[in-house]
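Analysis of the macromolecular model
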Amino acid sequence: MTQEATTGLRLLADVGGTNARFALQSDPGAGFDDIEVLAAAGYPSLGEAMRAYLDNARARGFAVDTVRHAAIAIANPVEGDEIRMTNHHWSFSIEALRIELGLTTLLMVNDFAALAMSLPHLAQDGRRQIGGGIELPNRTIGLIGPGTGLGVSGVVPAGERWIPLSGEGGHVSFAPVTRDEVAILEALWGEYGHVSAERLLSGMGMELIHWARTGKRLKAADISAAALDGSSSDCRGSVDVFCAILGSVAGNVALTLGATGGMYIGGGIVPRLGAIFEQSAFRARFEDKGRLGDYLSRIPTYLITEQYPALRGVSAMLSGHIATLQ
């Protein structure tokens, strides 16, 4: 089938505070066509970004005029019609956006709920196990992911279906485990008052960890690069602290959800850390929960390596939503 002959395309998107990833899909069981990543800062609104993508796809020969159903995973709570992004300046009405774009369906879901929905369907080469543990089939799966912010979610089995969880677990209060982390918390208390897990486990969080430890203000990309090439022991130390804190918070999520189906790490930061992450205290801190240490040692932790997993999840959620309307 040629691109020109393709009909009934679905529009899918994964929108974060930094990038908006778009794709077309010819049917629910198909792969993704024409994936394009747009910088969110380059567009005044989500509607403008969507129109730009569709115009680009049209120029590449796709029949975008057939798009009637769309689903967007967004890095934000979705609790009604009005969306105001916490990590970007976009704000909009879902219904007004649907009408503006001439869509029959516009489903808006939390990005980490969509990412969680992809987890039961990831191929073996779409993930890498970190440490020990054995996943149990048809059990709750947990998810955590540091990026522009900190996403937390999971999926719960319900017969033949999976139900994704939408929440804002990244904003729980940060709990230090070591004296060094107590010192970091005290430094950030003076700056922010409430210190959430996201305040530390995000791009900005890595910068704040480094500032609290060294008094130096560097960009997260520069900290990671210096840690990876071995040019700065201070930067390596900050990355090590970041990974250790991530292990503690991931263990908290696994305990809270009873995630015996596995605990997954998404987001854009950890995959860039390479061997540093695998050699870090992440797994040890994940299991370091006192009397529940043995329980956590049996739960496997996985790093998501598939490039666009949230698109897979949001596609499944769109199919389920459309089925309820028929």
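Since the model is a prediction, treat every value here as computed from it, not as a measurement. (Residues numbered from 1 in each chain as written. Predicted model: local features only at pLDDT ≥ 70, side-chain atom pairs only at ≥ 80, totals over all residues. Heavy atoms only, no water.)

Describing the nonpolar core
To be explicit about the condition: To define a nonpolar core, start from buried Ala, Val, Leu, Ile, Met, Phe, Trp, Tyr and Cys residues and group those joined through side-chain atoms within 4.5 Å. With a 1.4 Å probe rolled over the protein chains alone, any residue whose accessible area is under 20% of its type maximum counts as buried; one over 50% counts as exposed, and the rest are partly exposed. A helix here means a DSSP run of H or I that spans at least four residues, while a strand means a run of E at least two residues long, and both kinds are numbered starting from the N terminus.
Grouped together as the largest cluster of nonpolar side chains are 44 residues, with contacts concentrated most on Ile144, Val239, Ile245, Leu246, Met263, Ile265 and Phe277. By residue number, the principal contributor to this core is helix H8 (residues 233–257), which donates 11 residues. In this structure, Val15, Ala40, Val67 and Phe92 belong to the second largest nonpolar core, which totals 32 residues.

Here we look at the domain arrangement of the protein chain
Counted only if it meets this: What counts as a domain boundary in this text is fixed by an automatic or database domain assignment. Two parts lose some accessible area (1.4 Å probe) when they are put together, and adding that loss for both gives the buried area. Each polar contact in these results corresponds to two N or O atoms within 3.5 Å; when the atoms are within protein, one needs to be able to donate a hydrogen and the other to accept it, and residues that are neighboring in sequence are counted only if both atoms are side-chain atoms. The residue classification treats Ala, Val, Leu, Ile, Met, Phe, Trp, Tyr, Cys and Pro as nonpolar and Asp, Glu, Lys and Arg as charged. All others, Gly included, are polar.
Domain annotation for the protein chain reports domain 1 (10–110 + 308–325) and domain 2 (127–304). Overall, the association of domain 1 and domain 2 removes approximately 510 Å² of surface from exposure, summing both partners, and the carbon and sulfur fraction of that is 53%. At the boundary of domain 1 with domain 2, the tally comes to 1 residue pair in polar contact (both at pLDDT 80 or more). Grouping the amino acids of the side of domain 1 that touches domain 2 by side-chain chemistry returns 3 nonpolar, 5 polar and no charged.

Re unusual backbone geometry
Backbone geometry at Asp34 places phi at a positive 55°, although glycine is not the residue there. Tracing the backbone through its elements, the reader meets Asp34 in strand S3 (residues 33–39). For Asp34, a relative accessible area of 14% gives the class buried. Of note, Asn138 is a non-glycine position whose phi angle comes to about 55°, a positive value. Relative to the elements of secondary structure, Asn138 occurs in the loop between strand S8 (127–130) and strand S9 (141–146). Taking relative accessible area as the criterion, Asn138 reaches 61% and is therefore assigned exposed.

Section: the confidence of the model for the protein chain
Do not read the predicted coordinates in detail wherever pLDDT is low. We count it as follows: Per-residue confidence from the predictor is given as pLDDT, running between 0 and 100. Every residue pair with non-hydrogen atoms within 4.5 Å of one another is taken to be in contact.
Mean pLDDT over the protein chain: 93, with 98% of residues reaching 70 or higher. Under a pLDDT of 50 for its full length, residues 1–6 has, in the predicted model, 10 contacts with residues more than four places off or in other chains.

Notes on the packing of helix H4 (residues 179–192) against helix H6 (residues 203–214)
What counts is decided by this rule: Note on geometry: axes are lines fitted to C-alpha atoms, helical ones only across the stretch in contact, with angles between N-to-C directions running from 0 to 180 degrees. Here the word oblique covers every angle except those under 35 degrees (roughly parallel), over 145 (roughly antiparallel) and from 65 to 115 (roughly perpendicular). Note: crossing handedness is left-handed where the near helix turns anticlockwise from the far helix by less than a right angle, and right-handed where it turns clockwise.
Two elements in contact, H4 and H6, have axes whose closest approach is 9 Å; the angle formed by their N-to-C orientations is 110°. One finds that H4 runs roughly perpendicular with respect to H6. By crossing handedness, the relation of H4 to H6 is classed as right-handed. Contact residues: H4 offers Ile184, Ala187, Leu188, Glu191 and Tyr192, while H6 offers Leu208, Ile209, Trp211, Ala212 and Arg213.

Brief notes about the pairing of strand S1 (residues 10–15)
Quick note on the threshold: Should DSSP find at least two bridges between two strands, the strands are taken to pair.
In terms of burial, S1 is a largely internal element, 6 of the 6 residues being buried. Both faces of S1 are covered, namely the face carrying Arg10, Leu12 and Asp14 and the face carrying Leu11, Ala13 and Val15. Sheet analysis places S1 next to strand S2 (residues 19–25), joined by 6 bridges and oriented antiparallel. Counted as the bridge partner of Ala13 is Phe22 from S2. Where S1 hands over to S2, the hairpin turn is made up of 3 residues, counted between the paired strands.

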